[in-house]
Amino acid sequence: MFDVIRIPAFKDNYIWLLRKGAAAAVVDPGDARPVLEVLEREGLTLASILITHHHADHQGGVAALLAHYRAEVFGPAAEPINGVSRPLRGGETIHPAGCDSGFTVIAVPGHTLGHLAYYGSGCLFCGDTLFAGGCGRLFEGTPAQMLASLACLAALPDETAVYCAHEYTQANLRFALAVEPGNRDLQCRLAEVIEARARGLATVPSTIACEKASNPFLRCTQPEVVESARHRGAGTADKVAVFTALREWKNSF
Ligand code: ZN
Ligand code: FE
């Protein structure tokens, strides 16, 4: 098992560094500089890099990290990412050096078509697929693909820690409350998140249980969610129709 160090990057990204002893693995290093600073400060050697998808804010730092460390790079086989030495498609079990843990690789198409999530030691690293209180935009995949991907992640154990790649929680939950104003768990979560953000605290990781209770994109069969989606153009109560309407509504919220 590893310790997880949160490395803020850009405006609202989180790069996750997994530390075991003097070694480390890093997930989605969009920028090398803050990662190199932590590695040097903590006296760690980078052994592995895990990439969820090809967007620059998730893999833009790989080349600069490889200039300093000889790390193995795990990433989607189906996406154009320079430096990947272990291409993955989902379904594999990997044992990246530096974190003393195995991970199940889960294919989660939707935000991008080759998007991967990594699940191990009770932790889920899910990039821009499942967010705290929301989900990623559909840049490449279909609503049905994203819904199926989110269902795979929602099926993980309740206590799973959800390490997504952005601090979007407060805006996500404001939208969630517009969708589901009667959800008490959601009301409480939003109040907690507003307070945490006002104090400058991170709201990630969350848990699968928390997401199932308050993330509208995991709640497309709940009556209040279905009703709100109908007002936003969902023609039926079918969960793909509901999800599609929610995702389009969120895009302009
Ligand atoms: Zn992305
Ligand atoms: Fe991103």
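Residues numbered from 1 in each chain as written. Chains lettered and ligands numbered in written order. Predicted model: local features only at pLDDT ≥ 70, side-chain atom pairs only at ≥ 80, totals over all residues. Heavy atoms only, no water.

Caption draft 1: Structural context of the pairing of strand E8 (residues 103–107). Across two bridges, strand E7 (residues 93–94) lies against E8 in antiparallel orientation. Note that in E8 the partner of Thr93 across the bridge is Thr104. The pairing of E8 with strand E9 (residues 116–120) spans four bridges and is classified as antiparallel. Following the sheet pairing, Val105 is matched in E9 by Tyr118. (Pairing = 2+ DSSP bridges. Helix = DSSP H or I, 4+ residues; strand = E, 2+ residues; numbered from the N terminus.)

Caption draft 2: Just the coordination of the iron ion (ligand 2), in detail. Surrounding the iron ion (ligand 2) are the protein donor atoms Asp57 (OD), His58 (NE2), Asp128 (OD) and His166 (NE2), which sit 2.1 to 2.3 Å from the metal. Angles of 85 to 165 degrees at the metal separate the four donor atoms of the iron ion (ligand 2), which places the site in the irregular class. One chain supplies every donor for the iron ion (ligand 2), spaced along it as D-H-x69-D-x37-H. Separation of the iron ion (ligand 2) from the zinc ion (ligand 1) amounts to 3.3 Å, with Asp128 serving as a shared donor to the pair. Here His166 lies in the loop between strand E13 (161–164) and helix H5 (169–179) and His58 lies in helix H2 (residues 56–59), a separation of 108 residues in the sequence. Pair check on accessibility: His58 and His166 agree, each one buried. (Donors = N, O, S within 2.8 Å, 3.2 Å for Na, K, Ca; no water. Tetrahedral: all angles 85-135°; square planar, octahedral: opposite > 155°, others 65-115°. Buried < 20%, exposed > 50% of the residue type's maximum accessible area, 1.4 Å probe, protein only.)

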